[in-house]
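Here are the chains, one letter per residue:
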Amino acid sequence: MTGLLGIGLAFLLGIGTRIAAASCALMMGFMWLVAMLPATNPLTDDHWILAVAGAVVATTAAGNHFGLGRAWRRTAPVRRYRFLV
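Residues numbered from 1 in each chain as written. Predicted model: local features only at pLDDT ≥ 70, side-chain atom pairs only at ≥ 80, totals over all residues. Heavy atoms only, no water.

K.L.:
Please clarify how the overall build of the protein should be interpreted in this entry.
P.N.:
Helix and strand counts for the protein stand at six helices and zero strands. Taken from N to C terminus, the helices and strands of the protein fall in the order α-α-α-α-α-α. Oriented by its inertia axes, the alpha-carbon framework of the protein measures out at about 50 × 20 × 20 Å. Out of the 85 residues belonging to the protein, those deemed buried represent 25%. Intrachain contacts of the protein at a sequence separation of at least 6 include 48% that bridge at least 24 residues. Here the protein has roughly 5,800 Å² of accessible surface; of this, 73% comes from carbon and sulfur atoms. (Helix = DSSP H or I, 4+ residues; strand = E, 2+ residues; numbered from the N terminus. Buried < 20%, exposed > 50% of the residue type's maximum accessible area, 1.4 Å probe, protein only. Contact = heavy atoms within 4.5 Å. Areas by Shrake-Rupley, 256 points an atom, 1.4 Å probe, with all protein chains shown as cover.)

Encoded structure:
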């Protein structure tokens with residue numbers, strides 16, 4: 001649950017959205033595997049929908065428009081290590 005809190009904060013603040021999207025997809029995939037059958041429909045499960053939503057937030061650079069993404073990109077560590085964007 002702490003990992004999901006970190007992912008949520010990263011999305012809300014717009015900081016490190018690429019890492020948060022990858023972590024979101026991985027965690028939602030694992031959570032889908034745990035609760036796969038017979039609890040849910042494997043095709044339209046909310047875990048897959050949340051994983052896709054996280055990918056959309058990262059690919060559209062929503063943090064630059066609604067968060068601290070622009071200021072985060074200007075910091076020295078992010079300029080040096082581009083994967084932190």
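After that view of the structure, there is still more to cover.
K.L.:
What should I look at first to understand the nonpolar core in this one?
P.N.:
Listed in full, the six residues of the largest apolar core are Ile7, Ala10, Ala20, Cys24, Met28 and Ala51. Put simply, the parts of the chain that give this core at least two residues each are helix 1 (2-13) and helix 2 (17-34). Counting residues per element, this core draws most heavily on helix 2, at three residues. Non-local contacts of alanine 20, meaning those with residues more than four positions away in its chain, are made with Ile7, Ala10 and Phe11. (Core = buried A, V, L, I, M, F, W, Y, C linked by side-chain atoms within 4.5 Å.)

K.L.:
So what exactly am I meant to see when it comes to a nonpolar patch on the surface here?
P.N.:
A cluster of nonpolar side chains, Leu5, Leu9, Leu12, Leu13 and Leu68, forms an exposed patch at the surface whose accessible area comes to about 490 Å². Mapped onto the fold, leucine 5 is located in helix 1. Under the relative-accessibility criterion, leucine 5 is labelled exposed at 52%. (Patch = residues over 30% accessible without salt bridge, like charges linked within 9 Å, V, L, I, M, F, W, Y side chains within 5 Å. Salt bridge = Lys/Arg side-chain N within 4 Å of Asp/Glu carboxyl O.)

K.L.:
How do you make sense of the packing of helix 1 against helix 2 when you look at a structure like this?
P.N.:
Helix-helix packing is described using two parameters, namely the angle between the two axes and the distance between the axes. Here helix 1 crosses helix 2 at 145°, and the two axes come no closer than 9 Å. Between helix 1 and helix 2 lies a crossing of left-handed hand. Contact with helix 1, carried on its side by Gly3, Leu4, Ile7, Ala10 and Phe11, involves Thr17, Ala20, Ala21, Ser23, Cys24, Met27, Met28 and Met31 of helix 2 and no other residues of that element. When grouped by side-chain class, the residues that make up the contact of helix 1 with helix 2 number 10 nonpolar, three polar and no charged. (Axes fitted to C-alpha atoms, helices over the stretch in contact; angles between N-to-C directions. Left-handed = near helix turned anticlockwise from the far one by under 90°. Nonpolar A, V, L, I, M, F, W, Y, C, P; charged D, E, K, R; others polar.)

K.L.:
I tried to follow helix 2 on my own but got confused; where do I start?
P.N.:
Counting along an α-helix, one turn takes 3.6 residues, and residues three or four places apart therefore face a common direction. With 18 residues, helix 2 extends 25 Å from end C-alpha to end C-alpha; this agrees with the ideal 26 Å at 1.5 Å per step. In this structure, the buried residues of helix 2 make contact with helix 1 and helix 3 (46-59). (Expected span 1.5 Å × (residues − 1).)

K.L.:
Teacher, can you tell me more about the side chain of threonine 17 here?
P.N.:
Relative to the helices and strands, threonine 17 resides in helix 2. Take threonine 17: its relative accessible area is 8%, and that puts it in the buried class. Setting aside its immediate chain neighbours within four residues, threonine 17 contacts Ala10, Phe11, Ala58 and Val85.

This is a description of form; function is not addressed.
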